[in-house]
Amino acid sequence: MIERSPQPSLRKLLSWVTVLVMVVALVVTTALVVLTTLLHRTSASLAANVESVHLAEEIEIDLLLHSRSSDLLVREDLAGDLAVKLAKAAQFAVSAREAATLRDAVLRVDEYLKASQERRAEPEIERLRSAAFAAIEALIDINIADARAAQSSAERWDTQANALGITAAVLLVLVAGVLLWWLRTRAFTPLFGIMRAMQDFERGDREARAEETGHPELRDVALRFNQLASSVAAQRQAQMTFLGGVAHDLRNPLNVLRIAISALGRPVSEARMQKTLEIVARQTTCLERMVGDFLDIARIEAGDLELKPALHDLRKLVRETAELFIEHSALHPIELELDAEVPLARCDALRVEQAVINLISNAVKYSPRGGAVKVGVTSAHGEIVISVGDSGLGMNEADQRRIFDPFTRVGLSQDSIPGCGLGLYIVRKIVLAHAGRIEVDSKPGHGSTFRVRLPESGPGPAP
Ligand code: ADP
């Protein structure tokens, strides 16, 4: 047989897959949140750079107009405009470097404006204007450099986001693929096997069993199905055996009846007629007893053995039952051994009586050469013990273990002594229904003693 490596449980495996998918989803979600925040910041800084460049260009135009204009009012207006635009530019300075450059530009523009207002020498004004232009240009350069840097970092994040997205997608597709493959080849194969076995069993194949392979849960399901199927098959087998036994045992008295009745069709002597009628009466009684036993068994098997429990003095019950047999056979004297004091027992008197009758009649029946039948009631270890002993045929140990099964007859008695092997089965069921036990002590050729142990329910007064 091929040794299969032990497989992890379905529950564990599915938990791991779920955790893996959750981790991937969590990583992707976190990365997306971080990336969108970074992109938002980049786009905001790009917008500020564009705005700064735009303002710087307007400042340059104002500076140019200022240098070209000779109208004092226009120059003043332009100087005010320049101050407003430089102040506005401060709002868009996103980096420390840009803020420092802007401060420098403000200084240079102020110096130029002051020099031109004070009407200093043209070369100096020219130098200060060039310095102001240079400072504004530096501001533009910084903003363009910042915008480029933001753009390249946006491209980098884009690449990273793409890589992350593709990795996550590949991982998820891989996990889903492996999961599907595993479900089809590993998880579902034993499941389909179990289903097939169930269908076969349902169609009537009592031998159909599921292969106990796969993950522990599926192995467990298969094992339970197999156990159930075996128990149903065994029950069915037992039912068929029982039915076979019933049919077989009904056939014997019916055969005898048929032969006896056919004999009545011919002219017969008075004595012959009498004998035939006796046979018919005996076989009818036998049939009646068998049908009664079958009814009892049917009730027992259906769980309908209805007990009517009440407190009873078992010494009285056993004595009265035994007295029924006193006249029965001179060969089998009944010896009663009843303890002076025995507690009352909670039981169904009719059922216990039925059990005792069965045991005493067996004791008589299986002692064909006669002998005393000892019937006793005693109490010990919290139990009331009814014993029925004989000195008849007895049984070996193997037979003793089988006699409580239905339709079981043992030893030589089965051929020569009438019976159908149901009495002790019913007795045992009655005793079990009372939460009691039955045991037998026997030796071939020396007789048998049956003991019924019923639970005590308190001390009782002497009868
Ligand atoms: P039946 O007596 O109708 O055969 P039972 O169920 O009462 O059925 O008994 C089953 C078998 O046990 C009997 O066929 C007999 O072989 C054996 N048996 C029962 N009681 C005794 C006994 N007292 N002595 C010897 N054998 C017995």
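Rules used throughout
- Residues numbered from 1 in each chain as written.
- Predicted model: local features only at pLDDT ≥ 70, side-chain atom pairs only at ≥ 80, totals over all residues.
- Heavy atoms only, no water.
- Near = heavy atom within 4 Å.
- Polar contact = N/O pair within 3.5 Å; in protein donor to acceptor, adjacent residues only side chain to side chain.
- Areas by Shrake-Rupley, 256 points an atom, 1.4 Å probe, with all protein chains shown as cover.
- Helix = DSSP H or I, 4+ residues; strand = E, 2+ residues; numbered from the N terminus.
- Nonpolar A, V, L, I, M, F, W, Y, C, P; charged D, E, K, R; others polar.
- Patch = residues over 30% accessible without salt bridge, like charges linked within 9 Å, V, L, I, M, F, W, Y side chains within 5 Å.
- Salt bridge = Lys/Arg side-chain N within 4 Å of Asp/Glu carboxyl O.
- 1 Å grid on protein atoms, 1.4 Å probe; cavity = no way out; pocket = protein on both sides within 12 Å on 5 of 7 lines; lining within 4 Å.
- Points joined across faces, edges and corners; volume = space filled by probe spheres on them.
- Pairing = 2+ DSSP bridges.
- pLDDT = per-residue confidence, 0-100.
- Contact = heavy atoms within 4.5 Å.
- Axes fitted to C-alpha atoms, helices over the stretch in contact; angles between N-to-C directions.
- Buried < 20%, exposed > 50% of the residue type's maximum accessible area, 1.4 Å probe, protein only.
- Core = buried A, V, L, I, M, F, W, Y, C linked by side-chain atoms within 4.5 Å.
- Lys, Arg positive; Asp, Glu negative; His and termini not counted.
- Charge placed at Lys NZ, Arg CZ, Asp CG, Glu CD.
- Phe/Tyr/Trp six-rings, centres within 6.5 Å; stacked < 30°, edge-to-face > 60°.

On to the site of the ligand, then. Near the ligand, the surroundings consist of 20 residues, among which Asn362, Tyr366, Asp390, Arg409 and Leu424 are the closest. Between the ligand and Leu424 there is a distance of 2.7 Å, counted from an oxygen atom to a backbone nitrogen or oxygen. Coverage of the ligand by the protein amounts to 98% of the 530 Å² it exposes when considered alone. Of all the secondary structure elements, the ones that give two or more residues to the shell around the ligand are α8 (349-365), α11 (423-433) and β7 (447-455). Looking at which element gives the most residues to the shell around the ligand, the answer is α8, with 4 residues. Residue classes in the shell around the ligand are distributed as 9 nonpolar, 8 polar and 3 charged.

On the surface, a nonpolar cluster with roughly 380 Å² of combined accessible area is contributed by Ile261, Leu264, Val268, Met273 and Leu277. Of all the secondary structure elements, the ones that give two or more residues to the nonpolar patch are α5 (216-264) and α6 (270-301). Examined against the element boundaries, Val268 turns out to sit in the loop between α5 and α6.

This next bit is on empty space enclosed by the protein. Under the defined criterion, the tally for this structure stands at 1 cavity of 30 Å³ or more. Of the pockets and cavities examined, the largest cavity occupies roughly 40 Å³. For the largest cavity, the full set of lining residues is Val352, Ala355, Val356, Ile386, Ile430, Val431, His434, Val452 and Leu454. Listed by contribution, the elements that provide at least two residues to the lining of the largest cavity are α8, α11 and β7. For the lining of the largest cavity, the leading source of residues is α8, giving 3 residues.

Pairing between strand β5 (residues 383-389) and β7: 7 bridges, direction antiparallel. The residue of β7 that forms the bridge with Ile386 is Val452. Between strand β6 (residues 437-443) and β7, which pair antiparallel and follow one another directly, the connecting turn spans 3 residues, one of which, Gly445, has a positive phi of 85°.

Here the focus is the confidence of the model for the protein. Taken over all residues, the pLDDT of the protein has a mean of 87, while the share at 70 or more is 96%. Every residue in residues 458-463 is under pLDDT 50, and counting partners more than four places away or in other chains gives 13 contacts.

With mixed pairing, the 5 strands of this open sheet are ordered in space as β2-β4-β5-β7-β6. One side of each edge strand has no neighbouring strand; the edge strands of this open sheet are β2 (334-338) and β6. On average, each strand axis in the sheet is inclined to that of its neighbour by 15°, with strand direction left out of account. Taken together, the 5 bridges between β2 and strand β4 (residues 373-380) define a ladder with parallel strand orientation. In the sheet register, Leu336 faces β4, and the bridge partner there is Val375. Those strands touched by helix α7 (residues 314-323) are β2, β4, β5 and β7, and its axis lies near 175° from that of β2. Packing of α8 onto the sheet brings it into contact with β2, β4, β5, β6 and β7, and relative to β5 it is tilted by some 30°.

Tracing the backbone through its elements, the reader meets Arg75 in helix α2 (residues 72-91). In this view, Arg75 contacts His66, Ser67, Ser69, Ser70 and Ser116; residues no more than four positions away in its chain are not counted.

This part covers the pairing of β5. Counting buried positions along β5 yields 7 of 7 residues, so the element is predominantly enclosed. Burial along β5 is two-sided: Glu383, Val385, Ser387 and Gly389 facing one way and Ile384, Ile386 and Val388 facing the other are all buried. Relative to β5, β4 runs antiparallel, the two sharing 7 bridges. Note that in β5 the partner of Ala380 across the bridge is Glu383.

Take Ser95: it is sitting in the loop between α2 and α3 (96-117). Given the relative accessible area of 22%, Ser95 is considered partly exposed. With 291 residues separating them in the primary sequence, Ser95 and Ile386 have C-alpha atoms 108 Å apart. A polar contact is formed between the side chain of Ser95 and the side chain of Asp146, at a distance of 3.5 Å.

Within the largest apolar cluster, 35 residues are counted, with the highest numbers of intra-cluster contacts made by Leu314, Ile360, Ile386 and Phe450. The element that contributes the greatest number of residues to this core is α8, accounting for 8 residues. Excluding residues that lie within four positions of it along the chain, Leu314 makes contacts with Ala345, Cys347, Val352, Val377, Ile384, Ile386 and Leu454. Ile59, Ala105, Leu113 and Leu139 belong to the second largest nonpolar core, which has 23 residues in total.

Before going further, it helps to spend a moment on the side chain of Ser52. Note on placement: Ser52 falls in helix α1 (residues 10-68). Among residues more than four places away in sequence, those in contact with Ser52 are Phe92, Glu98 and Asn143.

Along an α-helix, residues three or four apart share an orientation, since each turn contains 3.6 residues. Looking at α11, one finds that the buried residues are Gly423, Leu424, Tyr425, Ile426, Val427, Ile430 and Val431. Contacts made by the buried residues of α11 are with α6, α8, β6 and β7. Ala435 sits one or two positions beyond α11 and adopts a positive phi of about 65°.

Time to look at a positive patch on the surface. A cluster of basic residues, Arg266, Arg272, Lys275 and Arg282, forms a positive patch on the protein surface. Tracing the backbone through its elements, the reader meets Arg272 in helix α6. Accessibility expressed as a relative area gives 46% for Arg272, which makes it partly exposed.

Take the packing of aromatic side chains next. Scanning the model with the defined rule gives 3 aromatic pairs in all. With centroids separated by 5.8 Å and ring planes inclined at 40°, the aromatic side chains of Phe188 and Phe192 adopt a geometry described as tilted. Highlighted residues: Phe188 and Phe192, both in helix α4 (residues 122-202), separated by 4 residues, approximately one helical turn. According to the relative accessible area criterion, Phe188 is partly exposed, its value standing at 34%.

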